[in-house]
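# Remarks on the overall topology
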Amino acid sequence: YQRRVHGKQWYQRRVHGKQWYQRRVHGKQWYQRRVHGKQWYQRRVHGTKREVKWMGKAKALGLRTPEIYKSDYRDGTIFMEFVDLKTCRDTINGYYNKRSRSYSHMAQKVCEAMGRDMAALHDASIIHGDLTTSNCLVDAAGATVANKFQMAITWIDFGLGAQGLQAEDKAVDLYVLERAFVSTHPNSEALVKRVLGSYSAASQNGDATMKRLEAVRMRGRKKLCFG
């Protein structure tokens, strides 16, 4: 698939399933068609390092991420655990009722789990950088925590991850997810509220981030209106 970074070049990643030492793995590689040489090499190295670093830090927090078996910064390759789960995007859309134009309570459970995990990331000053419902997987079997059923989310694609100490950084991360819901899931306003409500309840600094999110939204609206 393709991605634009910093509004400049197209960065692409090949993602494929394969066998590695008798294990089924996801192989992932950064590459670029248009730019070659030292500049691209450095960006590929940094992108691969970011993915490994922030995925490892998220796992250390107790969040679910694929196990990384091997990474090679020189050619931008990562071999990681194969996780055979649906994306949150497909799962949520599967819970959509076209007649009533609404989502079932199971979709709301997915959103609650996303909000809790995102709060844990942000409380540890970890910015995902590409929060969409395609970059997390959901185990519909879930888990029972404190006698309550909860969906279990596996987080992937930390290639744009970074450290974010400011409420602004976290608010922008949430705004990216908000826009992803609008563009991917019809009539998803209630789901966005569920994500943000779960985030606010679980985050240590949820109030400050929510306040900053309003300012980020205003900037986004101005950009849409005036370019």
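Once that is clear, we can look at unusual backbone geometry. The phi dihedral of Arg101 falls on the positive side, at around 55°, and the residue is not glycine. Residue placement: Arg101 occurs in the loop between β7 (96-97) and β8 (102-103). A positive phi is found at Ser125, a non-glycine position, where the angle reads about 65°. Checked against the element boundaries, Ser125 lands in the loop between α3 (105-123) and β9 (126-127). When its relative accessible area of 14% is taken as the criterion, Ser125 is described as buried.

Attention now moves to the nonpolar core. One finds Ile92, Val110, Met114, Met118, Ile153 and Phe181 to be the most contacted residues of the largest nonpolar core, which totals 37 residues. Those elements giving two or more residues to this core turn out to be α1 (38-60), α2 (88-94), α3, β10 (136-145), β11 (148-155), α4 (167-184), α5 (189-202) and α6 (206-226). With 8 residues, α3 is the single largest residue contributor to this core. Setting aside anything within four residues of it in sequence, one finds Met118 in contact with Leu131, Trp155, Leu174, Leu177, Val195 and Tyr199.

The next point concerns the pairing of strand β4 (residues 68-72). Here 4 bridges tie β4 to strand β5 (residues 77-81), and the two strands are oriented antiparallel to one another. Within the sheet, the bridge partner assigned to Ile68 lies in β5 and is Met80. Hairpin geometry of β4 and β5 is characterised by an intervening segment of 4 residues between the two adjacent antiparallel strands and by a positive phi of about 70° at Gly76.

This part covers α5. Along its 14 residues, α5 runs 20 Å from first to last C-alpha, staying within 8% of the 20 Å computed at 1.5 Å per residue. All of the buried residues in α5 are Leu191, Val192, Val195, Leu196, Ser198 and Tyr199. Each buried residue of α5 lies within a common arc of 160° when the element is viewed along its axis, so the set occupies one face. More than 90 degrees from the buried face of α5, the exposed residues found are Glu189, Ala190, Lys193 and Ala201.

Along the sequence, Ser125 and Lys170 sit 45 residues apart, while their C-alpha atoms lie 8.3 Å from each other. Apart from residues no more than four positions distant in its own chain, Ser125 is found in contact with Ala162, Gln163, Gly164 and Leu165.

Our next topic: the pattern of salt bridges. Using the criterion set out here, one finds 9 salt bridges in the structure. For the salt bridge of Glu112 with Arg194, the shortest nitrogen-to-oxygen distance reads 2.6 Å. With Glu112 in helix α3 and Arg194 in helix α5, this pair connects stretches of sequence that are 82 residues apart. Of the residues examined, Arg194 reaches a relative accessible area of 30% and is grouped as partly exposed. Across the pair Arg217 and Glu214 runs a salt bridge, and its minimum N-O distance is 2.6 Å. Residue Arg217 and its partner Glu214 are both found in helix α6; the two are separated by 3 residues, about one turn of the helix. For Glu214, a relative accessible area of 42% corresponds to the partly exposed category. A single salt-bridge network, built from bridges that share partners, covers Lys28, Glu51 and Asp157.

Reading the values: the criteria
- Residues numbered from 1 in each chain as written.
- Predicted model: local features only at pLDDT ≥ 70, side-chain atom pairs only at ≥ 80, totals over all residues.
- Heavy atoms only, no water.
- Helix = DSSP H or I, 4+ residues; strand = E, 2+ residues; numbered from the N terminus.
- Buried < 20%, exposed > 50% of the residue type's maximum accessible area, 1.4 Å probe, protein only.
- Core = buried A, V, L, I, M, F, W, Y, C linked by side-chain atoms within 4.5 Å.
- Contact = heavy atoms within 4.5 Å.
- Pairing = 2+ DSSP bridges.
- Expected span 1.5 Å × (residues − 1).
- Arc of directions from axis to C-beta.
- Salt bridge = Lys/Arg side-chain N within 4 Å of Asp/Glu carboxyl O.

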